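# Structural overview
Listed below, chain by chain, are the residues.
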Amino acid sequence: MKKIINGVQCWITYPKDFDESKKYPLVIMLNGAGSRGNDITIVQDSTILQYQNTHDDFPFVVLSPLCEENTWFDMFERLKGFVEQSLELPFVDKSHVYLTGASMGGYASWQMLMSLPDVFAAAMICCGGGMYWNAGRIKTPVWAFHGRKDPTVYVEETEKMIKAVKSYGIETRETYYDDVAHNCWLGAYTTKEVYEWFLAHEKI
């Protein structure tokens, strides 16, 4: 269903047998450039939501905000407020809040980990990149995915970020697909182990 948080349109989906009186882990999903605009229905086609729709045991609430500007960075302060206000939803377990993003959303995810270093229990980022020289601000375990044949965001972007984060002693995981171009998210979001890895991390 559609929801507006801090002036940002988002699509919210719930686990099976959702009970608003209970607490649930939350995934915030930042989509890529192909999901920009003003039509909230465009985010409903994301791979993570397709996975959720076909797996009754998927335990997460998923918030998918809509990028209404040219890039997430053009509305980044609003997006930060969106994340902060999302934590106040009554059914959110604040110790199990996770961030993920693909492509343009991957870049925004790396930046969000630097801007809000104390919010997320873990993050999974697909074919993104960021300011690796500022990686010392990141405190969140990260699992990064990338296709080695990606012509849009070069795999070196992920490699540099992971190397930098790892140098500060933060837990990292990397998955590289040798024969995949830009759409590494198709494999990442259908990997059950990713969601198990999320739940294994708790923000104290």
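Everything below is about the structure shown above.
Residues numbered from 1 in each chain as written. Predicted model: local features only at pLDDT ≥ 70, side-chain atom pairs only at ≥ 80, totals over all residues. Heavy atoms only, no water.

### Structural notes on the overall build of the protein chain
Condition: Runs of E in the DSSP output that reach at least two residues are strands. Runs of H or I that reach at least four are helices, and both are numbered from the N terminus. The atom set for the radius of gyration is the C-alpha atoms, and the globule formula is 2.2 Å times the number of residues raised to the power 0.38. Buried means the residue's accessible area, taken with a 1.4 Å probe over protein chains only, is under 20% of the maximum for its type, while exposed means over 50%, and partly exposed covers the values in between. By definition in these notes, contact holds between two residues if any of their heavy atoms fall within 4.5 Å. For every accessible area listed, the method is Shrake-Rupley and the probe measures 1.4 Å; residues are considered covered only by the protein chains on display. The charge count includes Lys and Arg as positive and Asp and Glu as negative, but it does not include His or the ends of the chains. For the purpose of locating charges, the reference atoms are NZ of Lys, CZ of Arg, CG of Asp and CD of Glu.
When you go through the protein chain residue by residue, the secondary structure sums to six helices and eight strands. Over its C-alpha atoms the protein chain spans a radius of gyration of 16 Å, differing by no more than 12% from the 17 Å that the globule rule assigns to 204 residues. Taken over the C-alpha atoms alone, the protein chain extends approximately 45 × 35 × 35 Å along its principal axes. Taken across its 204 residues, the protein chain has 54% of its residues classed as buried. For the protein chain, contacts bridging at least 24 residues in sequence account for 70% of all contacts bridging at least 6. Total accessible area on the protein chain stands at roughly 9000 Å², and carbon and sulfur atoms take up 49% of it. One way to put it: in the protein chain the 19 positive side-chain charges average out to a point 4 Å from where the 26 negative ones average out.

### Some thoughts on a nonpolar patch on the surface
Going by this rule: In this analysis, a patch consists of residues with relative accessible area above 30% that form no salt bridge, clustered at 9 Å for like charges and at 5 Å for the nonpolar side chains Val, Leu, Ile, Met, Phe, Trp and Tyr. Salt bridge, as used here, is a side-chain nitrogen of Lys or Arg placed within 4 Å of a carboxyl oxygen of Asp or Glu.
A cluster of nonpolar side chains, contributed by Met131, Tyr132 and Trp133, occupies part of the molecular surface with about 330 Å² of accessible area. Examined against the element boundaries, Trp133 turns out to sit in the loop between strand 6 (122–126) and strand 7 (142–147). For Trp133, a relative accessible area of 59% gives the class exposed.

Shape is all these values report; function is a separate question.
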